[in-house]
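Chain residues, written in single-letter form:
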Amino acid sequence: MANIGVFVCWCGSNIAQTVDVVAVAKAASEFKDVVYSVDYKYMCSSPGQNMMIDAIKQHNLDGVVIASCSPRMHESTFRSAAVLAGFNPYMVEMANLREHCSWVHDNREEATKKAIELVRMIVAKVARNAPLNKIYVPVTKRALVIGGGIAGIQAALDIANGGVEVIMVEKEPSIGGHMSQLDETFPTLDCSQCILTPRMVEVATHKNITLYAYSEVDSVEGFVGNFKVKIKRKAKCVIEELCTGCGLCTQKCPVGKKGEVMNEFEVGMAPRPAIYIPFPQAVPNIPVIDRENCTYFKTGKCGVCAKVCVAKAIDFNQKDEIVEEEVGAIIVATGYDLYPKDSYGEYGYGKFKDVISGLEFERMVSASGPTKGKVLRPSNGKPPKNVVFIKCVGSRDEKHGISYCSKICCMYTAKHAMLLHHKCPGAKAYIFYMDIRATGKGYEEFVKRAMEEEGAVYIRGRVSRIYKRKDHLVVVGADTLTGKPVEVEADLVVLATAIIAKDGADKLAQILKISYDTHNFYNEAHPKLRPVETNTAGIFLAGCCQAPKDIPDSVSQGSAAASKALALFSKKELEREPLISRVNEEFCVGCLACQPVCPYNAIEEKEIRDRKGNLIKKVAHINEGLCMGCGACAVTCRSGCIILEGFTNNQIFEQINTFENLISKFEPTPEETVAKK
Amino acid sequence: MEDIINIARELIKRDDIEAIIGYEKGRAPFQTVPFFARTPEDCDKLIMNSLCVNNLVSYINQFSGKVAIFVKPCDAKALVGLLQEHQIEREKLHIIGINCQGALNPKKLRNAIKGRMVKDWSINGDKIKVYYESGEEEFNIKDFLLDKCPACDTRTPPIYDELLGDEIKTADLPELLARVKELEKLPAAEKQQYWNEHFERCLRCYACVKICPLCYCERCFVENASPQWIDKSNNLKSNKAFHLIRAYHLAGRCIDCGECDRACPMDIPLRELNLKMRKSVEEHFNYVPGKDIDVPPPLSTFKKEDPQDFIR
């Protein structure tokens, strides 16, 4: 028979104001199996915890019920305290008198009644608890970083500098991400390439980093500390070990001369050959053959690159290759895409040559860009006089676009206005905005500088239409501050398009088994307290794959994710909660209905054989390292062969039964209810 | 008949086939019983006609080696379910498909002969001939079909290695769910009363569990003692819980072979419960169990785009 102690917490006045805690403690003392019951002002305080520890020893308790707040809040507090008393922590359970009772009711009498019943149910459950022991799993001390943008680079370098091996996978031929496309960065206007390129080179040369560029994650199996990752290395058709990066092949390639293939890095503003390096500072500095556009692959004739390559590094027969790596932690830093610019027909993108996106403007002002840093009108190659910037293209537009704020557009538009002022003296910037959001360090000052010192004209209001008048674009909008319609005759229009999740973000999430929101951004485990962790242990987030953010934030997140990974690697073995599912192999019929419902791929088929090796039967088997204890399998199992430790059928059944026995005294039976109707 | 005996004799000669599962004539009038042929001589006893009502798939796992089995569409649908649920290994099966135009209900026939002693019976085409001590009588098979048969749209097994005859297409069938829709229209109280009257008569003999090809658990929930989900004694409350939980366990899985109906000694219309579940699953997930082995059962799959409008 159990000796259970009940500890009723006042939570200051949080519980005590609505629930008569003294009455609850008194009622609990009369419950079956309860040998000790007490109330206290703050159970979570040090004296409160000591009360529990003392009572466990004095009254020889084998079960404890803390009637206080949500287990999400303090379960771990009390379980840790129990360990100090030499008590199995899983014999401690919480009855939630705060979130489930005092906070949601105002009738003191009724709330007290309910509190008593909540405690009664948990006492019934604890009486059926079994002591559990932590599970230990080994850790592979290697990390995988998916995505080689600034967030991924930061995370990889931090981990590698911590002495742990890193595998970096980048989809594109070069690392660098969107940051490598930028010219100068807000709010200090330092050159993006100048601060990024050394980091990229460091990744490539770091002894602890293995870089797989032009590669994608194909599959991920396993669990925290023990992931098995398959990486697809797309065929570059260039032998990396032989290529010297001289670039002769890219110069001689006949493709792209007429602009039939456009460079993705230049946002389609400049052509590129079929064998190419996306930009001069690319890391690794090894070209790839774009097989879709290569004449050799299309017609079987050409092979100019192979002929000119002194190092004999061209190999047309190269095939995509799968490499397998074992890692202990994964950092996802896959970045973002931009809102399709042509979705706003009224702004004329695609119709008018002189309507461009912010990223196109960024390439234009870049010294290494297609116009060598000159702001020129795409229609006639002349410098513009009036430039209109439109903010929130897609962002904060629930009807046509997306509901959220893309966070960086206010700042980069102010920067664009400044750059225009610097690079195209005499040109005037008009900025149509909804609000100005400049919340970072030095951000407000930066916007102010754009307005006051660099002559940017801010007009509060949305643009309704852009049309062509002779050689100009007429931007029609409203100034909502004066309430008057505005018309600007512009030579160039720049759209600040919204940040959206990377194309295929959902597919990668499914491979990783992490959750994502309705916009396909990855979900953090807790918006405030666990911002870089996912709900899947051992997988962390950095940068824009989680939500739009600027460079400083992406870098901080990269470092934060790295520190999480390093903390994980600092242990020899990982400790895991034993609250996981187990299969009763005696009765399992191996229907494996549990397998497809498991969100963590933790269930596999196991063969049971006799001593001679003859197959007796096949059953479901749960991988301790993978199971997160969600219980989906337990409810799917028709014969009840799967139990969730800590929430066994017996425990829950008794909990409900205790409640049911009580309500059946005054509630009509379902038959009676029907008869009444 | 010649056909199946010849097929069976050929198959049993093969080294890899341990037995052939089929039917032989039973001793009682209008009775056929499951039969396992292990030698060529055994094969001569095999029969196949519209009184071969039992679902044979439950016997497959009694053999450790490979077996050949004669399957009607109903049996084949159960096979699909069992294969999907990893209960049978496909490599250990040779499936001989038999087309079906409806199976006879032996109970109805026994009522029709009004207590006369039956010496023998034979089936020829769509007629069944009954020989009495003196005289004989002929009945139209279609007047004595099992309830499940007239509306059945599966006349050719959905899975087989070889098929006797050609595939049969169906047209102009009566509505399968007509009875369910009728019951749905009843007011709650009447529905309650309807099922209470049936469940009150339940003996808890578990014949429905034993005969169901998809009730293969080694330990049924009714046998569980810790916790004891439902009362083991025979009373309305626990009888009702038993049948409802069983219906839920078969939701999205019941292939409508109607064996529970046939086996129930108290004539509880269990098939109506299962058809109601079939209707719901079809409405929500556009899925009919037993039709296609490659379509995963919806209630044990997780898809992001699953409808969620039933969660409010």
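From a predicted model like this one, the values you see are computed outputs, not experimental measurements.

Enquirer: What is the right way to read the overall build of chain B from this model?
Expert: Along chain B, the regular secondary structure elements total 10 helices and 8 strands. Out of the 312 residues in chain B, the part that is buried amounts to 33%. For chain B, the proportion of contacts with a sequence separation of at least 24, taken over those separated by at least 6, is 67%.

Enquirer: I'm lost on the overall build of chain A in this one. Help?
Expert: Within chain A, the secondary structure is distributed over 19 helices and 32 strands. The buried share of chain A, taken over its 677 residues, is 46%. Sequence separation of 24 or more characterises 70% of the internal contacts of chain A that already satisfy a separation of 6 or more.

Enquirer: Where do I start with unusual backbone geometry in this structure?
Expert: Excluding glycine, a negative phi dihedral is what most residues carry, and trans is how most peptide bonds are arranged. For the bond from F186 of chain A to P187 of chain A, the omega torsion is -5°, close enough to zero to count as cis. Within the secondary structure, P187 of chain A sits in the loop between β8 (184-185) and β9 (190-191). Cis rather than trans, the peptide bond between S226 of chain B and P227 of chain B has omega equal to 0°. The backbone of D33 of chain A shows a phi angle near 75°, a positive value even though the residue is not glycine. Within the element layout of this structure, D33 of chain A appears in the loop between α1 (21-29) and β2 (34-40). Under the C-beta neighbour-count criterion, D33 of chain A is labelled partly exposed, with 14 such atoms within 10 Å.

Enquirer: Would you mind showing me how to read the sheet that holds strand β8 (residues 162-164) of chain B here?
Expert: Consider a sheet: its strands pair through backbone hydrogen bonds, and that pairing is either parallel or antiparallel. Residues and elements named next belong to chain B. An order of β2-β1-β3-β4-β8 is seen for the 5 strands of this open sheet, with the pairing classed as mixed. Because the sheet does not close on itself, it has two edges, and the strands there are β2 (32-37) and β8. Neighbour to neighbour, the strand axes of the sheet diverge by 20° on average, direction disregarded. As judged from the 3 bridges shared by strand β4 (residues 93-98) and β8, these two strands associate in the parallel manner. Residue pairing across strands places G97 opposite L163, the latter belonging to β8.

Enquirer: Just to check I follow, could you spell out the interface of chain B and chain A for this structure?
Expert: Where interface size is quoted, it is often the accessible area lost as the parts come together. At the interface, 20 residues of chain B touch 20 residues of chain A. Take the side of chain B that touches chain A: its biggest share by element is 3 residues, from helix α6 (residues 188-201) of chain B. Of the residues contributing to the side of chain B that touches chain A, the split by class is 9 nonpolar, 8 polar and 3 charged.

Enquirer: Help me understand the pairing of strand β3 (residues 63-68) of chain A, please; the structure alone is not making it clear to me.
Expert: Put simply, side chains in a regular strand alternate between the two faces of the sheet. All names here are of chain A. By the criterion of burial, β3 is predominantly enclosed, with 6 of the 6 residues buried. The alternating pattern of β3 places G63, V65 and A67 on one face and V64, I66 and S68 on the opposite face, and all of these are buried. Inspection of the sheet shows strand β1 (residues 4-9) paired to β3 by 5 bridges, in the parallel sense. By the bridge assignment, V8 is partnered in β3 with A67. Examined bridge by bridge, β3 and strand β4 (residues 92-96) share 5 bridges and lie parallel to one another. By the bridge assignment, A67 is partnered in β4 with A95. Crossover connection from β3 via helix α3 (residues 71-84) to parallel β4: handedness right-handed.

Enquirer: What is the right way to read the sheet that holds strand β11 (residues 215-223) of chain A from this model?
Expert: Residues and elements named next belong to chain A. One open sheet accounts for 3 strands, arranged β11-β12-β15; its pairing is antiparallel. Taken across any chain shown, the strands that pair with only one partner, and hence form the sheet edges, are β11 and β15 (321-327). Neighbour-to-neighbour, the strand axes of this sheet turn through a mean angle of 20°, independent of strand direction. Pairing between strand β12 (residues 226-233) and β15: 7 bridges, direction antiparallel. Each bridged residue has a counterpart across the sheet, and for K230 the counterpart in β15 is E324.

Enquirer: Teacher, can you tell me more about the nonpolar core here?
Expert: In summary, soluble globular proteins display a tendency toward joint burial of nonpolar side chains. Grouped together as the largest cluster of nonpolar side chains are 138 residues, with contacts concentrated most on A156, I331 and V493 of chain A. Residues contacting I331 of chain A, with those up to four places away along its chain left out, are A143, V145, I146, G152, A155, F540, A542, A561 and A565 of chain A. Listed in part, the 93 residues of the second largest apolar core include C52, V71, C100 and F199 of chain B.

Enquirer: Mind showing me how you'd approach helix α2 (residues 46-58) of chain A here?
Expert: Each full turn of the α-helix corresponds to 3.6 residues, which orients residues three or four apart in the same direction. Residues and elements named next belong to chain A. Here α2 contains 13 residues, and its C-alpha end-to-end distance of 18 Å stays within 8% of the 18 Å for a straight helix at 1.5 Å per residue. Among the residues of α2, G48, Q49, M52, A55 and I56 are the ones counted as buried. Axial view of α2: buried residues confined to an arc of 125°, hence all on one face. Opposite the packed face of α2, turned more than 90 degrees from it, sit the exposed residues S46, P47, D54, K57 and Q58. Those residues of α2 that are buried lie in contact with β1, β2, β3 and α3. Phi turns positive, to about 55°, at N60, one or two residues after α2.

Enquirer: Looking at this model, I keep getting lost on the environment of V166 of chain A. Mind explaining?
Expert: All names here are of chain A. Relative to the helices and strands, V166 is located in strand β7 (residues 165-169). On the neighbour-count criterion, V166 (28 C-beta atoms within 10 Å) is buried. When neighbours within four sequence positions are excluded, V166 is seen to be in contact with A143, V145, A156, I159, A160, N208 and I209.

Enquirer: Looking at this model, I keep getting lost on the packing of helix α8 (residues 236-250) of chain B against helix α10 (residues 270-285) of chain B. Mind explaining?
Expert: For any two helices packed against each other, one specifies the crossing angle of their axes together with the interaxial distance. All names here are of chain B. Look at α8 against α10: their axes get within 9 Å of each other, and the N-to-C directions meet at 40°. Taken together, the axes of α8 and α10 lie oblique to each other. Here the hand of the crossing between α8 and α10 comes out right-handed. When α8 is examined against α10, the residues H243, A247 and L250 are found in contact with a partner set consisting of L273, N274 and M277. Class assignment for the residues of the contact of α8 with α10 results in 4 nonpolar, 2 polar and no charged.

Enquirer: Is there a simple way to explain helix α14 (residues 505-512) of chain A in this structure?
Expert: All names here are of chain A. Inspection of α14 places A505, L508, A509 and L512 among the buried residues, and these make up the whole buried set. Angularly, the buried residues of α14 cover 105° about the axis, an arc narrow enough to put them on a single face. With respect to the buried face of α14, the exposed residues turned more than 90 degrees away are K507 and Q510. Contact partners of the buried residues in α14: β11, β16 (329-332), β26 (499-501) and β27 (539-541).

Enquirer: Got a minute to help me understand the environment of N161 of chain A in this structure?
Expert: If you trace the backbone, N161 of chain A turns up in helix α6 (residues 150-161). Classification of N161 of chain A as partly exposed rests on a count of 15 C-beta atoms within 10 Å.

Enquirer: How should I be thinking about the packing of α1 of chain A against helix α5 (residues 108-126) of chain A in this particular structure?
Expert: Residues and elements named next belong to chain A. Where α1 contacts α5, the axes come no closer than 9 Å and their chain directions differ by 40°. Classed by the angle they form, the pair α1 and α5 counts as oblique. Once α1 is placed against α5, the crossing between them reads as right-handed. Contacts between α1 and α5 pair A23, V24, A27 and A28 from the former with T112, A115, I116, V119 and V123 from the latter. Residues belonging to the contact of α1 with α5 are distributed by class as follows: 8 nonpolar, 1 polar and no charged.

The rules behind each value
- Residue numbering note: each chain is counted from 1, following its sequence as written.
- The order in which chains are written sets their letters, starting at A; the order in which ligands are written sets their numbers, starting at 1.
- In view of the model being predicted, local features appear only for residues whose pLDDT reaches at least 70, and side-chain atom pairs are presented and counted only at 80 or more, with totals across whole chains, interfaces and linings using the full set of residues.
- Strands are runs of DSSP state E lasting at least two residues, helices are runs of H or I lasting at least four, and both sets are numbered from the N terminus onward.
- Neighbour counting defines burial: a residue surrounded by 20 or more other C-beta atoms within 10 Å of its own C-beta is buried, one with 12 or fewer is exposed, and intermediate counts give partly exposed, using backbone-placed C-beta atoms.
- We call two residues in contact when their backbone-placed C-beta atoms lie within 7 Å.
- The pairing criterion is simple: DSSP has to find at least two bridges between the two strands.
- Angular values range over 0 to 180 degrees, each being the angle between N-to-C directions of two axes fitted as lines to C-alpha atoms, with helices fitted over their stretch in contact.
- Here the term charged refers only to Asp, Glu, Lys and Arg, the term nonpolar to Ala, Val, Leu, Ile, Met, Phe, Trp, Tyr, Cys and Pro, and the term polar to all other amino acids, Gly among them.
- When the strands point away from the viewer and the connection leading from the first strand across the helix to the second strand turns clockwise, the crossover is called right-handed.
- For this analysis, nonpolar core means a set of buried Ala, Val, Leu, Ile, Met, Phe, Trp, Tyr and Cys residues linked through C-beta atoms within 7 Å.
- Every helix has an expected span of 1.5 Å times one less than the residues it contains.
- By definition, the arc is the one covered by directions from the helix axis to the C-beta atoms.
- Should an angle fall under 35 degrees it is taken as roughly parallel, and over 145 as roughly antiparallel, whereas 65 to 115 is taken as roughly perpendicular and any remaining angle as oblique.
- By definition, turning the near helix anticlockwise from the far helix through less than a right angle yields a left-handed crossing, and turning it clockwise yields a right-handed one.

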